[in-house]
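Chain and residue survey
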Amino acid sequence: MSNPFAHLAEPLDPSQATKKFFNLNRLGDPRYERLPFSIRVLLEASVRNCDEFLVKKGDVENILNWNAMQHKNIEVPFKPARVILQDFTGVPAVVDFAAMRDAVKALDGDPEKINPICPADLVIDHSIQVDFNKRPDSLQKNQDLEFERNKERFEFLKWGSQAFQNMRIIPPGSGIVHQVNLEYLARVVFDQSGYYYPDSVVGTDSHTTMINGLGVLGWGVGGIEAEAVMLGQPISMVLPEVIGYKLIGSPQPLVTSTDIVLTVTKHLRQVGVVGRFVEFFGPGVTQLSIADRATIANMCPEYGATAAFFPVDEVSIKYLLQTGRDEDKIRYIRKYLEAAGMFRDFSNSSQDPDFTQIVELDLQTVAPCCSGPKRPQDKVVVSEMKKDFENCLGAKQGFKGFQIAPAQHNNQVKFVYNDKEFELTHGSVVIAAITSCTNTSNPSVMLGAGLLAKKAVEAGLTVKPYIKTSLSPGSGVVTYYLRESGVLPYLVQLGFDVVGYGCMTCIGNSGPLPEPVVEAITQGDLVAVGVLSGNRNFEGRVHPNTRANYLASPPLVIAYAIAGTIRIDFEKEPLGVNAQGKKIFLRDIWPMRDEIQAVERQYVIPGMFKEVYQKIETVNKAWNALDVPADKLYAWDPKSTYIKSPPFFENLTVELPPLKSIVDAYVLLNLGDSVTTDHISPAGNIARNSPAARYLTSRGLTAREFNSYGSRRGNDAVMARGTFANIRLLNKFLDKQAPQTIHFPSDETLDVFDASERYQQAGLPLIVLAGKEYGSGSSRDWAAKGPFLLGIKAVLAESYERIHRSNLVGMGVIPLQYLPGEDADSLGLTGRERYTIIIPESIVPRMNVQIKLDTGKTFQATMRFDTDVELTYFRNGGILNYMIRKMAA
């Protein structure tokens, strides 16, 4: 079909008639200039891609009419410019593509139709672990181990980069996906197929939102949904409300961007922004660098919004120059955005668009803070940290409680490490990690940490040797400017040597703690602490032995490492005493904002970025040496424990299966609020007594070879056994935290996988009961694939995290939601009942369905298929089945 808006296309530069753009100003519609800048990006994509099939003229009108339509649950399509993946989610995506090629061939279709149409970049950053630290060869040792453990996965990914078109792989050792995206991959404006248009992206990692800080609209989606986008499908989304977040004032000299983002996170959690866009405006935005903005946008999932958008302005252009982007491209980026009405001047209030609601933050009011001990939104001002932790010790088990008896609050356990005696107590820091794209992308906090380390060393301060310290930058540029500015040796002296370029501690790849430390923690049942400059601190994520984990700025990570405990009031108590007996306080060594900025101006320069990124795809010799077959169909190795053809498409037919009700289902798990995707499908270490460990042992592997769940996502046999395998899972059927449940027919307590296996062998369907915010956290497709393989047909929850609900839909698992004002308690549900869920032949979005219990009780719940497209996916048994049928037709 021809585009009904083709007449809007005109040359950006009259001297280049072949290079056009869709000039939305020529719509002649006053509504355009009142639209939030983020909505303008959605509008442009709909105008440019309008074909009256996937994108219709009515969709364009609905977006243009955003002001009237934003509250009406109007569904609109969005075709992003590109897709970004990391290897934990990228491996299963490539596995699915390989299996889909097999399935299309089995249905007598052309397997090479399964091929990315939308450009995709995959950055390998989730595989490296902190096995070695505090030694000169830590980086090389960790990278060698990464290849040793993951060679098979890396070979598979390299095969995928050659077998599929439009897929670029950034090799391991390059950096963290979102920082590489910010510094290198982001186009800001595309110049492709004769058209200029805004860069936009969806990614298989929830922190894809970081790129919003540069004015590129993007957010995380489920891996399954991303695969459909790669194959040319638009995302179907509800036209979002847009919260205008007005920034005024300037930050105080001691405040970091980390403090600002933790303050914003708590504030927006209180406002309630789930499913909405947040767009920043106001004069305070000009006080923030692109790195500051990216830090704030990065933690968008933690405050629950879909996107956290900073439109492109003069500061954005300067950042593109600073990071070594091509100057000719920068010129057309500015020219296009100005011509299209998408270039922002934050000091000009007449440019302020309409918003659904406006909230305000005075940057002057932000104080140094951390977040924890179990959730990123639980902000604690640094001056209150000691008191808050001590309150948490005795509080009831929960997000802010560990339920330690008062008499045990001051327990001490002595242990010997490297022939010296030390002691641990509740609150002792055992992990201190400068990690994660949230902060390592930001030169101000990284140089701040370096300057603090320099002053600490010069003052005679040290870090206790048993504390696991590490520095894992998000790109080689960070190491470059830390070295050139002269602060790297001081970081190394305090134990913060470079251990790898990847997510590492932030995603649970923190590696082992020293055995004497683990024994002391276990012996005293101690609440040991991890402090990290990351964005997630959910239970069981960072390390199994750190029950309390706090998010903090890189300088504060070092400060708490030096103190050795979280139970310190920095204003009243010294960090330590030097060899001369002098007390050294944090205020004595804390660098000021203008001091940091002076160093940044001198040492963070374009040449660094150009030098690092011009060789990024070829610099890894081990990657270059991988030899892979050129076949278009993957030759599955039945002996592999990493890569396995998944069973999702077995017995798939061209004809649609009839819809069936779920009859007499048992409840596999009865869960509470804020169950995260880490609880559902952990990414970290594989416990030696788990079903996954038993499976790997049966395949001839030793515990040392288990690697992590994240690295095994290409093998469904491991991942099914790893579903609900988090040791901190709290199942209401049990009176303890454990990855177990009750198998009701036998009344036995079993590991979750073993119980599900018994139910499935008996042909019994399963459901899960849950509370609020089910599936919060990372955009993890295995948190939907795993339950599907366990035989779970539906989840009944009070509310869902956006991406996880989408992933359940993508796997054909029904997301049911209690009616407003109802929950398991108000309905008197124990989870021991059997549930029949009536699915009528004719279904519509968000319809209520009847649920009958074997007790005779009946109630209704909302079936959370929010759009007609989602219903289509459900009828097909999931989005991938739909794509296979479409490609095989």
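Scroll up a little and you will see the structure.
First, a word on what this report is: a plain description of the structure on this page. Remember, predicted model here, so these are calculated numbers, not experimental data.

1. What to know about unusual backbone geometry
The residue after Gly 372, namely Pro 373, is reached through a cis peptide bond having omega 10°. With respect to the secondary-structure elements, Pro 373 resides in the loop between strand E16 (369-371) and strand E17 (379-381). Backbone geometry places Asp 664, a non-glycine residue, at a positive phi of 55°. Here Asp 664 lies in strand E26 (residues 662-670). Since its relative accessible area comes to 33%, Asp 664 is described here as partly exposed.

2. Looking at the layout of surface pockets
The calculated volume of the largest pocket comes to roughly 1,400 Å³. Considering the residues around the largest pocket, the lining is formed by 48 residues, among which Gly 511, Pro 512, Asn 685, Ile 686 and Arg 688 are closest to the centre. Among the secondary structure elements, those contributing two or more residues to the lining of the largest pocket are helix H5 (138-163) and helix H18 (515-524). Of the residues contributing to the lining of the largest pocket, the split by class is 19 nonpolar, 16 polar and 13 charged.

3. Details of the packing of aromatic side chains
Each aromatic ring pair is summarised here by two numbers: the centre-to-centre distance and the angle between the ring planes. This structure, assessed with the given rule, holds 31 aromatic pairs. For the pair Phe 147 and Phe 154, a centre-to-centre distance of 5.0 Å together with 70° between the ring planes defines the contact as edge-to-face. Aromatic pair Trp 219 and Phe 277: ring centres 5.6 Å apart, planes at 50°, arrangement tilted. Placement of the pair is Trp 219 in strand E10 (residues 217-220) and Phe 277 in strand E13 (residues 277-281), with a sequence separation of 58 residues. Judged by relative accessible area, which is 2%, Trp 219 ranks as buried. Here Phe 277 falls in the buried class, since its relative accessible area comes to 1%. Three or more aromatic residues joined by ring pairs make a cluster, and in this case those are Phe 97, Phe 156, Trp 159, Phe 164, Tyr 634 and Trp 636. When the ring centre of Phe 37 is taken as reference, the NZ or CZ atom of Arg 40 above it lies at 4.0 Å.

4. Focus on the sheet that holds strand E1 (residues 9-11)
What links the strands of a sheet is backbone hydrogen bonding, and the strands pair in either a parallel or an antiparallel sense. Taken together, 4 strands build an open sheet; the order of strands is E1-E2-E8-E7 and the sheet is mixed. Pairing within the sheet leaves two strands with one partner each, and these edge strands are E1 and strand E7 (189-192). The mean inter-strand angle of the sheet, taken between neighbouring strand axes irrespective of direction, is 35°. Alignment of E7 against strand E8 (residues 195-198), held across 4 bridges, turns out to be antiparallel.

5. Considerations on empty space enclosed by the protein
For the structure on display, the rule yields 7 cavities of 30 Å³ or more. Roughly 190 Å³ of internal volume is contained in the largest cavity. Considering the residues around the largest cavity, the lining is formed by 24 residues, among which His 126, Asp 205, His 207, Ile 507 and Arg 541 are closest to the centre. Mapped by element, the contributors of at least two residues to the lining of the largest cavity are helix H4 (87-106) and helix H6 (177-185). For the lining of the largest cavity, the residue count by class is 7 nonpolar, 11 polar and 6 charged. The wall of the second largest cavity is formed by 17 residues, among which Glu 225, Ser 806, Glu 870, Tyr 873 and Ile 879 lie closest to the centre. Where the lining of the second largest cavity is concerned, the elements lending two or more residues are helix H7 (223-230), strand E11 (235-238), helix H29 (802-810) and helix H31 (868-875).

About the cut-offs
- Residues numbered from 1 in each chain as written.
- Predicted model: local features only at pLDDT ≥ 70, side-chain atom pairs only at ≥ 80, totals over all residues.
- Heavy atoms only, no water.
- Helix = DSSP H or I, 4+ residues; strand = E, 2+ residues; numbered from the N terminus.
- Buried < 20%, exposed > 50% of the residue type's maximum accessible area, 1.4 Å probe, protein only.
- 1 Å grid on protein atoms, 1.4 Å probe; cavity = no way out; pocket = protein on both sides within 12 Å on 5 of 7 lines; lining within 4 Å.
- Points joined across faces, edges and corners; volume = space filled by probe spheres on them.
- Nonpolar A, V, L, I, M, F, W, Y, C, P; charged D, E, K, R; others polar.
- Phe/Tyr/Trp six-rings, centres within 6.5 Å; stacked < 30°, edge-to-face > 60°.
- Lys NZ or Arg CZ within 6 Å of the ring centre and 35° of its normal.
- Pairing = 2+ DSSP bridges.
- Axes fitted to C-alpha atoms, helices over the stretch in contact; angles between N-to-C directions.

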